[in-house]
Amino acid sequence: GTFLRDHKISFPLQFAGTAPMYGLYWARILKLAEELFDDPYMHMRFEGHACATGPEAINLALSVKRANAFYDKFLTFLGTLSPADSAKIAARLDPPRGYGESRPLKIDRLDKHKKSILIGDNKSPIGRKFNRRIEIVFTSKAKKPRFIY
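What you see is a predicted model, and the numbers here were worked out from it, not measured in a lab. Residue indices follow the written sequence of each chain, beginning from 1 at its first position. Local features in this predicted model are restricted to residues whose pLDDT is 70 or higher, and side-chain atom pairs enter the listing and the counts only when it is 80 or higher, whereas totals over whole chains, interfaces and linings include all residues. Calculation of side-chain values draws on the structure's entire complement of heavy atoms; hydrogens and water are dropped beforehand.

J.: Is there a simple way to explain the packing of aromatic side chains in this structure?
T.: A ring pair, where both rings are aromatic, is described by two values, the distance of the centres and the angle of the planes. Centres within 6.5 Å are what make two rings of Phe, Tyr or Trp a pair, Trp counting through its six-membered ring; a difference in plane orientation under 30 degrees is then read as stacked, over 60 as edge-to-face, and the rest as tilted. Counting across every chain of the model gives two aromatic pairs. A ring pair is formed by Phe-74 and Phe-77, whose centres lie 6.2 Å apart and whose planes are at 35°; its orientation type is tilted. Here the residue Phe-74 and the residue Phe-77 both occupy positions in helix H3 (residues 56–78), the gap between them amounting to three residues, near one helical turn. Both residues of the pair, Phe-74 and Phe-77, count as buried. Whether a charge sits over a ring depends on NZ of Lys or CZ of Arg being within 6 Å of the ring centre and within 35 degrees of the ring normal. One cation-aromatic arrangement involves Lys-73 over Phe-70; the distance from NZ or CZ to the ring centre is 5.6 Å. By definition, any uninterrupted DSSP run of H or I lasting at least four residues is a helix, any uninterrupted run of E lasting at least two residues is a strand, and each is numbered from the N terminus. Type-normalised accessible area, obtained with a 1.4 Å probe on protein chains alone, sets the label of each residue: buried when under 20%, exposed when over 50%, and partly exposed for intermediate values.

Okay, here's the thing in C-alpha cells:
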C-alpha cells in the first residue's frame, strides 16, 4: 500500500486581492520545505481560498486567480536559481487549484475522535480573514510514512 501525506503552509491574503497581507519570501519557503523536498515522491501545489463575502462564483474565480498568481510568482523565483535546481523543483509542481469559499480553514484532530475544529467561521470578521488565504501544499505518495516535526 501507499501512504499519502500532506503538509500545508498557509498565508493570509488581502481582501479581494492576490497579494499576501505580510511579506512572502520564496527563499524562506524553500528553506522551510527543504526536508520535504528530500523525499523523491514530494510534490508542491498552490491552493487558493476565499471567504464567503459576495457571490460564490466570484469567490471561486478569485481563489483560482490567487492560486495562479502564486504559481506564476514561484516560477519566476525558480528562474533565479541554478538551472538544475530550478528544473528539479519545477518538475514537482502540481497545477494550482482554487476552492473558493468551499474549504473554510479548520484543524483536523488526529486523535481517536477525528473531529475538525473550525477556525475560519465565515460569520465573524476574523474567521473570514483566515479564509482569505493561499496554501502551499506538499504531498508525498511514499510507501512508508514520513513524519515531520
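J.: Can you walk me through the pairing of strand S2 (residues 42–48) in this structure?
T.: Regular strands place side chains that alternate from one sheet face to the opposite one. Here S2 lies mainly inside the structure; six of its seven residues are buried. Inspection of the sheet shows S2 paired to strand S6 (residues 133–142) by seven bridges, in the antiparallel sense. What sits directly across from Glu-47, in S6, is Glu-135. Here the rule is simple: two strands pair whenever DSSP picks up at least two bridges between them. Across two bridges, S2 lies against strand S3 (residues 97–98) in parallel orientation. From the neighbouring strand, Glu-47 faces S3, where its bridge partner is Arg-97.

J.: Mind showing me how you'd approach the environment of Tyr-22 here?
T.: Mapping Tyr-22 onto the fold places it in the loop between strand S1 (3–12) and helix H1 (26–32). Residue Tyr-22 is classed as exposed on the basis of its relative accessible area, which comes to 55%. A sequence separation of 10 residues divides Tyr-22 from Pro-12, and the C-alpha atoms of the two residues are 7.8 Å apart. By the convention used here, residues are in contact when the closest approach between their heavy atoms is within 4.5 Å. Those residues in contact with Tyr-22 that sit more than four places away from it in its chain are Pro-12 and Lys-129.

J.: Would you take a moment to explain the environment of Ile-29 for this structure?
T.: Looking at where Ile-29 falls in the secondary structure, it is placed in helix H1. For Ile-29, a relative accessible area of 2% gives the class buried. Remark: the alpha-carbon pair of Ile-29 and Asp-39, spanning 10 residues in sequence, is separated by 16 Å. Non-local contacts of Ile-29, meaning those with residues more than four positions away in its chain, are made with Phe-11, Leu-24 and Ile-136.

J.: I'm lost on the nonpolar core in this one. Help?
T.: Considering soluble globular proteins, one finds that nonpolar side chains tend to be buried as a cluster. Residues belong to a common nonpolar core when they are buried Ala, Val, Leu, Ile, Met, Phe, Trp, Tyr or Cys residues joined through side-chain atoms within 4.5 Å. Counting 22 residues, the largest nonpolar core has Trp-26, Met-44, Phe-46, Phe-74, Ile-136 and Phe-138 as its most contacted members. Counting only elements with at least two residues in this core, the list comes to S1, H1, S2, H3 and S6. Considering each element in turn, this core owes the most residues, five residues, to H3.

J.: Where do I start with the pattern of salt bridges in this structure?
T.: Only one rule defines a salt bridge in this text: a Lys or Arg side-chain nitrogen within 4 Å of an Asp or Glu carboxyl oxygen. Tallied over the entire structure, the rule returns four salt bridges. A salt bridge links Lys-106 to Asp-108; the nearest nitrogen and oxygen atoms lie 3.8 Å apart. Judged by its relative accessible area of 46%, Lys-106 falls in the partly exposed class. Measuring nitrogen to oxygen at the nearest pair gives 2.9 Å for the salt bridge that ties Arg-133 to Glu-135. The pair formed by Arg-133 and Glu-135 is uniform in burial state, with each residue classed as buried.

J.: When you look at the layout of surface pockets in this model, what are you seeing that I'm missing?
T.: If a probe the size of a water molecule is rolled over the atoms, the empty space left behind becomes visible. Volume-wise, the second largest pocket comes out at about 260 Å³. What lines the second largest pocket is simply Leu-30, Lys-31, Glu-34, Phe-37, Asp-38, Leu-81, Asp-85, Lys-88, Ile-89 and Arg-92. Secondary structure elements with two or more residues in the lining of the second largest pocket: H1, helix H2 (34–37) and helix H4 (83–90). In terms of residues, the lining of the second largest pocket owes the most to one element, H4, which gives three residues. Put simply, the grid is 1 Å and covers the protein atoms alone, a cavity is a trapped set of points that fit a 1.4 Å probe, a pocket is an open set with protein on both sides within 12 Å along at least five of seven lines, and lining residues have an atom within 4 Å of a point. Grid points are joined across faces, edges and corners, and a volume is the space filled by probe spheres set on the points.

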